[in-house]
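# Observations on chain architecture
The residues making up each chain are set out below.
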Amino acid sequence: MNVHVQDCPVAADVAPKPVRRESGQREVFCGLTGIVWLHRKIQDAFFLVVGSRTCAHLIQSAAGVMIFAEPRFATAIMEEKDLAGLTDANDELDRIVAQLIARRPDIRLLFLVGSCPSEVIKLDLSRAALRLSQKFSPAVRILNYSGSGIETTFTQGEDACLASLVPAAPPTRTSEDQLLIVGSLADVVEDQFIRLFDALGIGRVQFLPPRKASALPAIGPNTRFLLAQPFLADTARALEDRGAVRLAAPFPLGVEGTTAWLRAAADASGVAPALFEAVTQPHRVRAERALLRYRDHLGGRRIFLFPDSQLEIPLARFLSRELSMQLVEVGTPYLHREHLAEELRLLPDDVVLSEGQDVDLQLDRCRMARPDLVVCGLGLANPLEAEGMTTKWSIELVFTPIQGYEQAADLAELFARPLVRRAKLVA
Ligand code: SF4
């Protein structure tokens, strides 16, 4: 699969850091994978992939044991006769959706998720979503987005999903400023942030995605939004199209990132600096103390990050500034310079950044550098381990709660664990 990397906007006030741009063979998931965490977040939504057996296998292997627990996702498998145009795929889809809704009356929001096969045969899922919405609303709202490997990599599936929710959100009813946190966070992390916002006196905070489809946040020109994830380019654009304004901030990883992220919200809401200090200080002190012992382990170690989730740059900033790790190369599948401007500013001046991927060239660079730790996908991890390198599976960073003060040490531990394991094996 070939990747095409587009130019992205450059924030004027950021000293440009050189970025190696590559295209070629890639080792990444497609956007369907996002369903694995999104279906747990939006508790009354169902994700129906319109795809092939390959897509069904991908979801099943990514979701692991969850497939046995009456999940809220499935694949409508396109058979050869669908692909050959011998049946009307729309009739088939209508039949499957009707069956599904009859069997699962708890579903309030149904996503029709496009895949490579549905795109290749040009099945118009947006029209299908409109048609089916007319039939099943108001009980069930039906939306669509694409998670195909042609259009999306890994976390971009979440971006596509959230962007599809934005037009369905109601307009704001008051002129009072509202804060919207955008990006899927584990419930435990979301609850911690709600408590912090409450303590700061920021009352009107909403989340996208919401936990319930019926609680879609209101959006309008008085919405100030703060991205909780770095991979939400289309969602941010959709929000801006509705007049919402993005608050620039680093991402809430580590103590520094979390503090700066909260401060952006506090400043926009007019929170007094003294109150901000009083509320955040105990959390900062506790988290910094918890990080100390990981700095002993990780400080000075050399780390190489392969592109995977777009979390790489905020992670690299955390690893270099809070754990004193040395960055050998920081790869990202896509670099949104405007959304990442605050992060880029915090990276060391001599950092080596790469965008996109030509996996063989990148592997050569990695082998040459012999880093202490390599962050990469499952496909590369075992072969690199066999070559004597220590690896960390990047997918865990997406499935584990890592944002906020309470999780800073857990995040550090994810990187320390493989090194500790290797040391025990060698001993
Ligand atoms: S959407 Fe495309 S890349 Fe993803 S599993 Fe299906 S066929 Fe493969």
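Treat the numbers as computed from the prediction; the structure is a model and nothing was measured. Per chain, residues are indexed from 1 in the order of the written sequence. It should be noted that, the model being predicted, local features are given only for residues of pLDDT at least 70 and side-chain atom pairs only at 80 or more, the latter also being counted only at that level, while totals for whole chains, interfaces and linings use all residues. Water and hydrogen atoms play no part in the side-chain values, which are based on all heavy atoms of the structure.

Helix numbers and strand numbers start at the N terminus; a helix is a DSSP run of H or I with at least 4 residues, a strand a run of E with at least 2. When helices and strands are tallied, the chain shows 17 helices and 14 strands. This radius of gyration counts C-alpha atoms alone. The globule rule is 2.2 Å times how many residues there are, raised to the power 0.38. Its C-alpha radius of gyration of 22 Å places the chain within 12% of the 22 Å reference for a compact globule of 427 residues. Overall, the chain is about 60 × 55 × 40 Å in size when its C-alpha atoms are taken along their principal axes. Whether two residues touch is decided by their heavy atoms; if any such pair falls within 4.5 Å, the residues are in contact. Taking contacts inside the chain between residues at least 6 apart in sequence as the whole, the part at least 24 apart equals 75%. Positive charges come from Lys and Arg, negative ones from Asp and Glu, while His and the chain ends are left out of the count. Where a charge lies is defined by one atom per residue type: Lys uses NZ, Arg uses CZ, Asp uses CG and Glu uses CD. Between the mean site of the 47 positive side-chain charges and the mean site of the 53 negative ones, the chain shows a separation of 4 Å.

A few words on unusual backbone geometry. Here the bond from Ser137 into Pro138 is cis, since omega is 5 degrees, no more than 30 degrees from zero. Structurally, Pro138 is set in the loop between helix H6 (125–136) and strand S5 (141–146). For the peptide bond that leads from Leu208 to Pro209, omega is 5 degrees, which places it in the cis range. Tracing the backbone through its elements, the reader meets Pro209 in the loop between strand S7 (205–208) and strand S8 (223–227). Unusually for a residue other than glycine, Gln310 sits at a positive phi of about 75 degrees. Counting through the fold element by element, Gln310 comes out in the loop between strand S10 (302–305) and helix H12 (312–322).

This paragraph deals with the packing of H12 against helix H17 (residues 408–426). Helices that pack against each other are described as a pair by the angle of their axes relative to one another and the distance between those axes. The N-to-C vectors of H12 and H17 enclose an angle of 90 degrees; their axes lie 12 Å apart at closest approach. It follows from the interaxial angle that H12 and H17 lie roughly perpendicular. Within the contact between the two elements, H12 uses Leu315, Phe318 and Leu319 and H17 uses Ala408, Leu411, Ala412 and Phe415. Structural elements are reduced to axes, namely lines fitted to C-alpha atoms, with helices fitted over the stretch in contact, and the angle between N-to-C directions of any two is expressed from 0 to 180 degrees. With respect to orientation, any angle under 35 degrees is reported as roughly parallel, any angle over 145 as roughly antiparallel, any angle of 65 to 115 as roughly perpendicular, and every other angle as oblique.

Moving on, we get to the packing of aromatic side chains. Think of a pair of aromatic rings as described by two things: how far the centres are apart, and how the planes are tilted against each other in angle. Note on aromatic pairs: the rings of Phe, Tyr and Trp (six-membered ring only in Trp) are paired at centre separations within 6.5 Å, and the planes decide the class, stacked below 30 degrees, edge-to-face beyond 60, tilted for the rest. Inspection of every chain in the model, using the stated rule, returns eight aromatic pairs. Seen in terms of ring centroids, Trp37 and Phe154 are 5.8 Å apart; in terms of plane orientation they differ by 90 degrees. Their pairing is edge-to-face. In this pair, Trp37 sits in helix H1 (residues 35–41) while Phe154 sits in the loop between S5 and helix H7 (156–165), placing the two residues 117 residues apart along the sequence. Only protein chains enter the accessibility calculation, which uses a 1.4 Å probe; a residue is then buried when its area is under 20% of its type maximum, exposed when over 50%, and partly exposed in between. Look at Phe154 and you get buried, because its relative accessible area is 0%. Among the aromatic residues, those joined into a cluster by ring pairs are Phe29, Trp37, Phe154 and Phe399.

Of the two faces of strand S13 (residues 373–376), the one holding Leu373 and Val375 and the one holding Val374 and Cys376 are both buried throughout. Strand direction decides the pairing type here: S10 and S13, joined by three bridges, are parallel. Paired with Phe304 across the bridge in S13 is Val374. When DSSP finds two or more bridges between two strands, those strands count as paired. As paired strands, S13 and strand S14 (residues 391–393) are joined by three bridges and run parallel to one another. Residue pairing in the sheet places Val374 in a bridge with Thr391 of S14. When the strands point away from the viewer and the connection leading from the first strand across the helix to the second strand turns clockwise, the crossover is called right-handed. A crossover links S13 with its parallel partner S14, the connecting element being helix H15 (residues 378–386), and its sense is right-handed.

We call a residue near a given molecule or strand whenever any one of its heavy atoms falls within 4 Å of it. Taken together, Cys30, Leu32, Cys55, Ser115, Cys116, Ser148 and Gly149 make up the full set of residues near the ligand. Nonpolar residues are Ala, Val, Leu, Ile, Met, Phe, Trp, Tyr, Cys and Pro. Charged residues are Asp, Glu, Lys and Arg, and all others, Gly as well, are polar. Classifying every residue of the shell around the ligand gives four nonpolar, three polar and no charged.

Moving on, we come to the sheet that holds strand S2 (residues 45–51). As summarised here, the arrangement of the four strands in space is S3-S2-S4-S5, forming an open sheet in which the pairing is parallel. On the outer flanks of this sheet lie strand S3 (73–77) and S5, each paired with one strand and no other. The average angle at which neighbouring strand axes cross in this sheet is 25 degrees, direction not considered. Sheet topology note: the S2/S3 ladder contains five bridges and is parallel. Across the sheet, the residue bridging to Leu48 is Ala74, located in S3.

What follows is about the nonpolar core. For this analysis, a nonpolar core means a set of buried residues of the types Ala, Val, Leu, Ile, Met, Phe, Trp, Tyr and Cys, connected via side-chain atoms within 4.5 Å. Counting residues in hydrophobic clusters, the biggest one holds 103 residues, and the most contacted among them are Phe47, Phe111 and Phe415. Top contributing element to this core by residue count: H17, with eight residues.

Salt bridges are counted wherever a side-chain nitrogen of Lys or Arg sits within 4 Å of a carboxyl oxygen of Asp or Glu. Within the structure shown, the criterion is met by 27 salt bridges. Across the salt bridge formed by Glu256 and Arg321, the nearest N and O atoms sit 2.7 Å from each other. One end of the pair, Glu256, is in helix H10 (residues 254–268); the other, Arg321, is in helix H12, with 65 residues separating them in the sequence. Owing to a relative accessible area of 25%, Glu256 belongs among the partly exposed residues under this scheme. Measuring nitrogen to oxygen at the nearest pair gives 3.3 Å for the salt bridge that ties Arg417 to Glu413. With a gap of four residues between them, Arg417 and Glu413 both fall in helix H17, about one helical turn apart.

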